[in-house]
Amino acid sequence: MKTPQMQSIKSKDSIVYFQEETYIQLNQYLLKANHSDVFILVDTNTHDNCLARFMGNLEIDIPIEVIEIEAGEINKNIETCSGVWNALSELGADRKSLLINLGGGVVTDLGGFVACTFKRGISYINVPTSLLAQVDASVGGKTGVDLGNLKNMVGVISESEMVLVDTSYLETLPANELRSGFAEMLKHGLITDANYWQRLNKIKELTTTDLADLIHESVVIKNKIVTVDPTEQNIRKYLNFGHTLGHAIESHFLTHPKKTTLLHGEAIAVGMIVESFIANKLSGLTLPELNEVSQSLLTIYPKVIIEKEDYQPIIDLLIFDKKNVGGKVLFVLLKQIGEAVYNCEVPEELLIASLNYYNNL
Ligand code: GLY
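Cut-offs used in this document
Residues numbered from 1 in each chain as written. Predicted model: local features only at pLDDT ≥ 70, side-chain atom pairs only at ≥ 80, totals over all residues. Heavy atoms only, no water. Helix = DSSP H or I, 4+ residues; strand = E, 2+ residues; numbered from the N terminus. Rg over C-alpha atoms; globule rule 2.2 N^0.38 Å. Contact = heavy atoms within 4.5 Å. Areas by Shrake-Rupley, 256 points an atom, 1.4 Å probe, with all protein chains shown as cover. Lys, Arg positive; Asp, Glu negative; His and termini not counted. Charge placed at Lys NZ, Arg CZ, Asp CG, Glu CD. Near = heavy atom within 4 Å. Pairing = 2+ DSSP bridges. Axes fitted to C-alpha atoms, helices over the stretch in contact; angles between N-to-C directions.

(A) Up close: the overall build of the chain. Helix and strand content of the chain: 14 helices and 11 strands. What you see for the chain is a C-alpha radius of gyration of 20 Å, in line with the 21 Å of a compact globule of 361 residues. The C-alpha extent of the chain, read off along each of the three principal axes, is 60 × 45 × 35 Å. A separation of at least 24 residues holds for 76% of the contacts in the chain among residues at least 6 apart in sequence. About 15,100 Å² of surface is accessible on the chain, with carbon and sulfur atoms providing 52% of the total. If you average the places of the 30 positive and of the 45 negative side-chain charges in the chain, the two averages end up 6 Å apart.

(B) View of the site of the ligand. Taken together, Asp 136, Lys 142, Lys 222, Glu 232, Arg 236 and Leu 239 make up all the residues around the ligand. Relative to its free-state accessible area of 200 Å², the ligand is covered by the protein chains to the extent of 91%.

(C) Structural context of the sheet that holds strand E3 (residues 38-43). Taken together, the 7 strands give an open sheet; going across it, the order is E1-E2-E9-E6-E5-E3-E4, and neighbouring strands pair in mixed fashion. The sheet terminates laterally at strand E1 (9-10) and strand E4 (64-69), the two strands that pair on one side only. Of the strand pairs in this sheet, E3 and E4 are connected by 6 bridges, and their pairing is parallel. Residue pairing across strands places Val 42 opposite Glu 68, the latter belonging to E4. Along the sheet, helix H5 (residues 105-117) contacts E3, E4, strand E5 (98-103) and strand E6 (123-128); its crossing angle with E5, the most-contacted strand, is approximately 165°.

What follows is the structure in C-alpha coordinates.
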(Lines give C-alpha, C1' and ligand atoms only; values in the text may rest on other atoms or scores of the structure.)
Protein backbone atom coordinates (compact mmCIF):
# COMPACT_ATOMS: atom_id res chain seq x y z
CA MET A 1 0.00 0.00 0.00
CA LYS A 2 1.14 3.52 -0.79
CA THR A 3 2.18 5.60 2.21
CA PRO A 4 -0.09 8.67 2.45
CA GLN A 5 2.79 11.13 2.15
CA MET A 6 3.68 9.85 -1.33
CA GLN A 7 0.24 10.52 -2.77
CA SER A 8 0.10 12.32 -6.09
CA ILE A 9 -0.26 16.10 -5.90
CA LYS A 10 -2.76 17.95 -8.09
CA SER A 11 -2.37 21.54 -9.24
CA LYS A 12 -4.67 23.57 -11.49
CA ASP A 13 -3.74 21.93 -14.80
CA SER A 14 -1.17 19.30 -13.88
CA ILE A 15 -0.43 16.47 -11.49
CA VAL A 16 2.78 15.27 -9.87
CA TYR A 17 3.19 11.50 -9.48
CA PHE A 18 5.84 9.86 -7.34
CA GLN A 19 7.96 6.74 -7.39
CA GLU A 20 6.30 3.50 -8.54
CA GLU A 21 3.13 5.31 -9.59
CA THR A 22 4.97 7.43 -12.17
CA TYR A 23 5.30 4.87 -14.96
CA ILE A 24 1.90 3.30 -14.30
CA GLN A 25 0.30 6.70 -14.82
CA LEU A 26 2.50 7.57 -17.79
CA ASN A 27 1.71 4.34 -19.63
CA GLN A 28 -2.03 4.76 -18.96
CA TYR A 29 -1.87 8.36 -20.17
CA LEU A 30 0.00 7.41 -23.36
CA LEU A 31 -2.50 4.68 -24.15
CA LYS A 32 -5.45 7.05 -23.74
CA ALA A 33 -4.04 10.36 -25.02
CA ASN A 34 -3.65 9.27 -28.63
CA HIS A 35 -0.57 11.38 -29.45
CA SER A 36 0.60 11.12 -33.04
CA ASP A 37 4.19 10.66 -31.87
CA VAL A 38 6.37 11.11 -28.82
CA PHE A 39 9.65 13.02 -28.55
CA ILE A 40 12.01 12.73 -25.62
CA LEU A 41 14.30 15.67 -24.93
CA VAL A 42 17.52 14.78 -23.10
CA ASP A 43 20.86 16.45 -22.56
CA THR A 44 24.23 14.76 -22.91
CA ASN A 45 24.14 13.69 -19.23
CA THR A 46 20.62 12.32 -19.10
CA HIS A 47 21.15 10.63 -22.47
CA ASP A 48 23.90 8.55 -20.88
CA ASN A 49 22.59 8.17 -17.32
CA CYS A 50 18.77 8.22 -17.42
CA LEU A 51 17.40 7.47 -20.90
CA ALA A 52 17.78 3.67 -20.80
CA ARG A 53 16.04 3.49 -17.41
CA PHE A 54 13.20 5.70 -18.68
CA MET A 55 12.73 3.80 -21.97
CA GLY A 56 12.73 0.50 -20.08
CA ASN A 57 9.59 1.64 -18.29
CA LEU A 58 7.61 2.59 -21.41
CA GLU A 59 4.98 0.16 -22.65
CA ILE A 60 3.65 1.91 -25.74
CA ASP A 61 3.64 1.13 -29.38
CA ILE A 62 3.99 4.52 -31.07
CA PRO A 63 7.03 6.13 -32.69
CA ILE A 64 9.51 7.67 -30.26
CA GLU A 65 12.34 10.00 -31.29
CA VAL A 66 15.08 11.23 -28.99
CA ILE A 67 16.35 14.83 -29.30
CA GLU A 68 19.58 15.66 -27.49
CA ILE A 69 20.99 19.02 -26.42
CA GLU A 70 24.32 19.92 -24.79
CA ALA A 71 24.21 19.87 -20.99
CA GLY A 72 24.75 23.03 -18.92
CA GLU A 73 23.17 26.37 -18.04
CA ILE A 74 25.30 28.06 -20.71
CA ASN A 75 23.17 26.25 -23.33
CA LYS A 76 19.84 27.39 -21.89
CA ASN A 77 19.27 29.90 -24.65
CA ILE A 78 17.19 30.62 -27.72
CA GLU A 79 19.81 29.07 -30.06
CA THR A 80 19.33 25.70 -28.34
CA CYS A 81 15.55 26.19 -28.63
CA SER A 82 15.99 26.78 -32.38
CA GLY A 83 17.84 23.49 -32.65
CA VAL A 84 15.01 21.65 -30.87
CA TRP A 85 12.25 23.44 -32.85
CA ASN A 86 14.09 22.49 -36.08
CA ALA A 87 14.52 18.89 -34.95
CA LEU A 88 10.82 18.64 -34.12
CA SER A 89 9.92 20.14 -37.48
CA GLU A 90 12.27 17.89 -39.47
CA LEU A 91 11.05 14.82 -37.60
CA GLY A 92 7.46 15.64 -38.54
CA ALA A 93 6.06 16.73 -35.18
CA ASP A 94 2.49 18.00 -35.36
CA ARG A 95 0.05 19.57 -32.91
CA LYS A 96 -0.79 16.19 -31.43
CA SER A 97 2.83 15.34 -30.71
CA LEU A 98 4.05 15.02 -27.13
CA LEU A 99 7.40 16.21 -25.80
CA ILE A 100 8.79 14.45 -22.72
CA ASN A 101 11.54 16.42 -20.98
CA LEU A 102 13.93 14.03 -19.26
CA GLY A 103 16.52 16.00 -17.35
CA GLY A 104 17.37 18.69 -14.84
CA GLY A 105 16.12 22.27 -14.71
CA VAL A 106 17.71 23.29 -18.01
CA VAL A 107 15.96 20.49 -19.90
CA THR A 108 12.58 20.93 -18.18
CA ASP A 109 12.60 24.77 -18.45
CA LEU A 110 13.84 24.83 -22.05
CA GLY A 111 11.84 21.81 -23.17
CA GLY A 112 8.68 23.26 -21.61
CA PHE A 113 9.25 26.53 -23.46
CA VAL A 114 9.88 24.72 -26.77
CA ALA A 115 6.67 22.72 -26.28
CA CYS A 116 4.59 25.78 -25.36
CA THR A 117 5.72 27.64 -28.48
CA PHE A 118 6.12 24.95 -31.17
CA LYS A 119 3.12 25.21 -33.51
CA ARG A 120 1.68 27.51 -30.78
CA GLY A 121 1.79 24.77 -28.21
CA ILE A 122 2.04 21.00 -27.95
CA SER A 123 1.61 18.86 -24.83
CA TYR A 124 4.59 18.14 -22.64
CA ILE A 125 5.51 16.03 -19.64
CA ASN A 126 8.36 16.69 -17.22
CA VAL A 127 10.50 13.87 -15.87
CA PRO A 128 12.92 15.75 -13.60
CA THR A 129 16.16 13.90 -12.93
CA SER A 130 17.93 16.42 -10.66
CA LEU A 131 16.89 17.32 -7.13
CA LEU A 132 16.55 20.96 -8.18
CA ALA A 133 14.11 20.05 -10.93
CA GLN A 134 12.18 17.58 -8.74
CA VAL A 135 11.46 20.09 -5.97
CA ASP A 136 11.30 23.30 -7.97
CA ALA A 137 11.93 23.74 -11.70
CA SER A 138 9.58 21.11 -13.12
CA VAL A 139 6.61 21.99 -10.87
CA GLY A 140 4.39 25.04 -11.41
CA GLY A 141 4.66 25.60 -15.15
CA LYS A 142 7.48 28.14 -15.35
CA THR A 143 9.28 27.54 -18.63
CA GLY A 144 11.93 29.57 -20.39
CA VAL A 145 15.51 30.33 -21.24
CA ASP A 146 18.23 32.82 -20.29
CA LEU A 147 18.89 35.98 -22.28
CA GLY A 148 22.67 36.41 -22.30
CA ASN A 149 23.58 36.11 -18.64
CA LEU A 150 20.11 37.10 -17.43
CA LYS A 151 18.39 34.10 -15.94
CA ASN A 152 15.01 32.92 -17.27
CA MET A 153 14.27 36.23 -18.99
CA VAL A 154 12.22 34.77 -21.84
CA GLY A 155 9.50 32.25 -21.19
CA VAL A 156 5.88 31.46 -20.48
CA ILE A 157 3.94 29.95 -17.58
CA SER A 158 2.03 26.90 -18.72
CA GLU A 159 1.82 23.65 -16.83
CA SER A 160 2.90 20.26 -18.16
CA GLU A 161 0.40 17.40 -18.53
CA MET A 162 2.13 15.73 -15.60
CA VAL A 163 5.37 15.65 -13.64
CA LEU A 164 6.94 12.29 -12.81
CA VAL A 165 9.21 12.28 -9.76
CA ASP A 166 11.27 9.09 -9.62
CA THR A 167 13.96 9.65 -6.99
CA SER A 168 16.07 6.76 -8.28
CA TYR A 169 17.39 9.16 -10.96
CA LEU A 170 19.08 11.11 -8.17
CA GLU A 171 21.50 8.21 -7.68
CA THR A 172 23.22 9.36 -10.89
CA LEU A 173 23.88 12.85 -9.47
CA PRO A 174 27.16 14.15 -8.03
CA ALA A 175 27.01 15.41 -4.42
CA ASN A 176 27.25 19.09 -5.39
CA GLU A 177 24.15 18.76 -7.62
CA LEU A 178 22.22 17.17 -4.73
CA ARG A 179 23.28 20.06 -2.48
CA SER A 180 22.19 22.52 -5.15
CA GLY A 181 18.63 21.18 -5.17
CA PHE A 182 18.62 20.94 -1.39
CA ALA A 183 18.93 24.76 -1.25
CA GLU A 184 15.42 25.05 -2.72
CA MET A 185 14.09 22.65 -0.07
CA LEU A 186 15.70 24.74 2.67
CA LYS A 187 14.09 27.79 1.06
CA HIS A 188 10.67 26.11 1.25
CA GLY A 189 11.19 25.70 5.01
CA LEU A 190 12.43 29.24 5.50
CA ILE A 191 9.49 30.85 3.70
CA THR A 192 6.62 28.70 4.99
CA ASP A 193 7.44 26.10 7.61
CA ALA A 194 9.92 26.41 10.50
CA ASN A 195 9.40 22.77 11.49
CA TYR A 196 10.34 21.56 7.99
CA TRP A 197 13.44 23.81 8.10
CA GLN A 198 14.46 22.24 11.45
CA ARG A 199 13.98 18.71 10.15
CA LEU A 200 16.03 19.44 7.01
CA ASN A 201 18.80 20.79 9.22
CA LYS A 202 19.00 17.50 11.11
CA ILE A 203 20.03 15.61 7.95
CA LYS A 204 23.68 14.67 8.21
CA GLU A 205 24.18 13.32 4.71
CA LEU A 206 22.05 13.74 1.59
CA THR A 207 20.97 10.31 0.37
CA THR A 208 18.23 9.42 -2.06
CA THR A 209 16.46 7.20 0.50
CA ASP A 210 16.37 9.85 3.22
CA LEU A 211 15.27 12.52 0.77
CA ALA A 212 12.26 10.83 -0.86
CA ASP A 213 9.61 11.85 1.71
CA LEU A 214 11.13 15.32 2.10
CA ILE A 215 11.02 15.85 -1.66
CA HIS A 216 7.32 15.04 -1.53
CA GLU A 217 6.89 17.58 1.28
CA SER A 218 8.70 20.26 -0.71
CA VAL A 219 6.47 19.65 -3.73
CA VAL A 220 3.40 19.93 -1.46
CA ILE A 221 4.68 23.32 -0.22
CA LYS A 222 5.49 24.59 -3.71
CA ASN A 223 2.26 23.27 -5.16
CA LYS A 224 0.09 24.97 -2.50
CA ILE A 225 1.69 28.29 -3.43
CA VAL A 226 1.48 27.95 -7.22
CA THR A 227 -2.09 26.65 -7.11
CA VAL A 228 -3.22 29.81 -5.28
CA ASP A 229 -1.08 32.13 -7.44
CA PRO A 230 -0.02 30.42 -10.71
CA THR A 231 1.10 33.61 -12.46
CA GLU A 232 3.06 35.18 -9.58
CA GLN A 233 0.77 38.09 -8.78
CA ASN A 234 1.28 37.70 -5.03
CA ILE A 235 2.33 34.75 -2.85
CA ARG A 236 4.31 32.94 -5.58
CA LYS A 237 6.82 35.75 -5.06
CA TYR A 238 7.79 34.04 -1.78
CA LEU A 239 9.50 31.38 -3.88
CA ASN A 240 11.98 34.04 -4.98
CA PHE A 241 13.44 34.37 -1.50
CA GLY A 242 17.23 34.31 -1.88
CA HIS A 243 16.87 34.63 -5.64
CA THR A 244 17.05 38.42 -6.05
CA LEU A 245 20.68 38.78 -5.03
CA GLY A 246 21.23 35.04 -5.66
CA HIS A 247 20.30 35.27 -9.36
CA ALA A 248 22.42 38.42 -9.75
CA ILE A 249 25.42 36.63 -8.20
CA GLU A 250 24.76 33.55 -10.36
CA SER A 251 24.52 35.70 -13.52
CA HIS A 252 27.68 37.65 -12.66
CA PHE A 253 29.66 34.46 -12.08
CA LEU A 254 28.23 32.83 -15.23
CA THR A 255 29.79 35.30 -17.61
CA HIS A 256 32.74 36.81 -15.71
CA PRO A 257 35.87 35.38 -17.37
CA LYS A 258 37.74 34.93 -14.08
CA LYS A 259 34.92 33.35 -12.06
CA THR A 260 33.94 29.72 -11.72
CA THR A 261 30.30 29.15 -12.64
CA LEU A 262 28.17 28.54 -9.54
CA LEU A 263 25.48 25.91 -9.37
CA HIS A 264 22.05 27.50 -8.92
CA GLY A 265 21.68 26.30 -5.33
CA GLU A 266 25.17 27.50 -4.41
CA ALA A 267 24.28 31.02 -5.58
CA ILE A 268 20.86 30.87 -3.90
CA ALA A 269 22.48 29.81 -0.61
CA VAL A 270 24.54 33.03 -0.71
CA GLY A 271 21.37 34.92 -1.68
CA MET A 272 19.48 33.47 1.32
CA ILE A 273 22.26 34.51 3.71
CA VAL A 274 22.55 38.09 2.43
CA GLU A 275 18.78 38.52 2.18
CA SER A 276 18.45 37.19 5.77
CA PHE A 277 20.93 39.86 6.85
CA ILE A 278 18.69 42.45 5.17
CA ALA A 279 15.63 40.86 6.82
CA ASN A 280 17.27 41.28 10.22
CA LYS A 281 17.53 45.02 9.50
CA LEU A 282 14.13 45.53 7.83
CA SER A 283 11.51 42.86 8.40
CA GLY A 284 11.88 41.44 11.88
CA LEU A 285 14.14 38.38 11.50
CA THR A 286 15.92 38.16 14.85
CA LEU A 287 19.71 38.02 15.24
CA PRO A 288 19.64 34.41 16.56
CA GLU A 289 17.54 33.45 13.53
CA LEU A 290 19.97 35.20 11.18
CA ASN A 291 22.88 33.36 12.81
CA GLU A 292 21.00 30.07 12.50
CA VAL A 293 20.35 30.58 8.77
CA SER A 294 23.94 31.69 8.05
CA GLN A 295 25.55 28.87 10.03
CA SER A 296 23.31 26.22 8.54
CA LEU A 297 23.93 27.33 4.95
CA LEU A 298 27.66 27.81 5.44
CA THR A 299 27.95 24.27 6.78
CA ILE A 300 26.43 22.87 3.59
CA TYR A 301 27.62 25.25 0.84
CA PRO A 302 31.18 26.31 0.03
CA LYS A 303 31.98 29.94 0.83
CA VAL A 304 31.94 31.96 -2.40
CA ILE A 305 34.61 34.61 -2.91
CA ILE A 306 32.85 37.87 -3.72
CA GLU A 307 35.41 40.63 -4.23
CA LYS A 308 34.61 44.30 -3.52
CA GLU A 309 34.89 44.93 -7.29
CA ASP A 310 32.06 42.44 -7.85
CA TYR A 311 29.59 44.39 -5.69
CA GLN A 312 28.54 47.04 -8.20
CA PRO A 313 28.15 44.66 -11.18
CA ILE A 314 26.00 42.41 -8.96
CA ILE A 315 23.89 45.36 -7.76
CA ASP A 316 23.55 46.63 -11.35
CA LEU A 317 22.11 43.26 -12.38
CA LEU A 318 19.25 43.62 -9.86
CA ILE A 319 17.49 46.02 -12.19
CA PHE A 320 16.68 43.05 -14.46
CA ASP A 321 14.93 41.07 -11.72
CA LYS A 322 11.49 39.90 -12.88
CA LYS A 323 9.77 40.93 -9.63
CA ASN A 324 10.62 44.61 -10.17
CA VAL A 325 7.81 47.04 -10.83
CA GLY A 326 8.16 50.65 -12.04
CA GLY A 327 11.97 50.48 -11.88
CA LYS A 328 11.92 49.49 -8.18
CA VAL A 329 13.92 46.43 -7.10
CA LEU A 330 11.62 44.42 -4.85
CA PHE A 331 12.82 41.73 -2.43
CA VAL A 332 11.22 38.85 -0.59
CA LEU A 333 12.33 39.00 3.05
CA LEU A 334 11.77 36.81 6.10
CA LYS A 335 9.69 38.08 9.02
CA GLN A 336 10.83 35.03 10.92
CA ILE A 337 11.96 31.54 10.02
CA GLY A 338 8.88 30.03 8.36
CA GLU A 339 7.23 33.30 7.30
CA ALA A 340 8.05 35.69 4.47
CA VAL A 341 6.89 39.03 3.11
CA TYR A 342 7.18 40.28 -0.49
CA ASN A 343 7.55 43.63 -2.32
CA CYS A 344 10.21 45.02 0.05
CA GLU A 345 12.39 47.89 -1.11
CA VAL A 346 15.99 47.79 0.10
CA PRO A 347 18.37 50.78 0.11
CA GLU A 348 21.67 50.30 -1.75
CA GLU A 349 23.80 50.78 1.41
CA LEU A 350 22.07 47.75 2.92
CA LEU A 351 22.85 45.67 -0.18
CA ILE A 352 26.53 46.53 0.22
CA ALA A 353 26.37 45.87 3.97
CA SER A 354 24.81 42.46 3.29
CA LEU A 355 27.66 41.48 0.93
CA ASN A 356 30.18 42.70 3.56
CA TYR A 357 28.38 40.62 6.18
CA TYR A 358 28.68 37.52 3.99
CA ASN A 359 32.36 38.14 3.36
CA ASN A 360 33.07 38.51 7.07
CA LEU A 361 31.37 35.25 8.07
N1 GLY B 1 11.15 28.80 -8.94
C2 GLY B 1 10.25 29.73 -8.46
C3 GLY B 1 8.85 29.53 -8.96
O4 GLY B 1 8.54 28.51 -9.54
O5 GLY B 1 8.04 30.40 -8.79
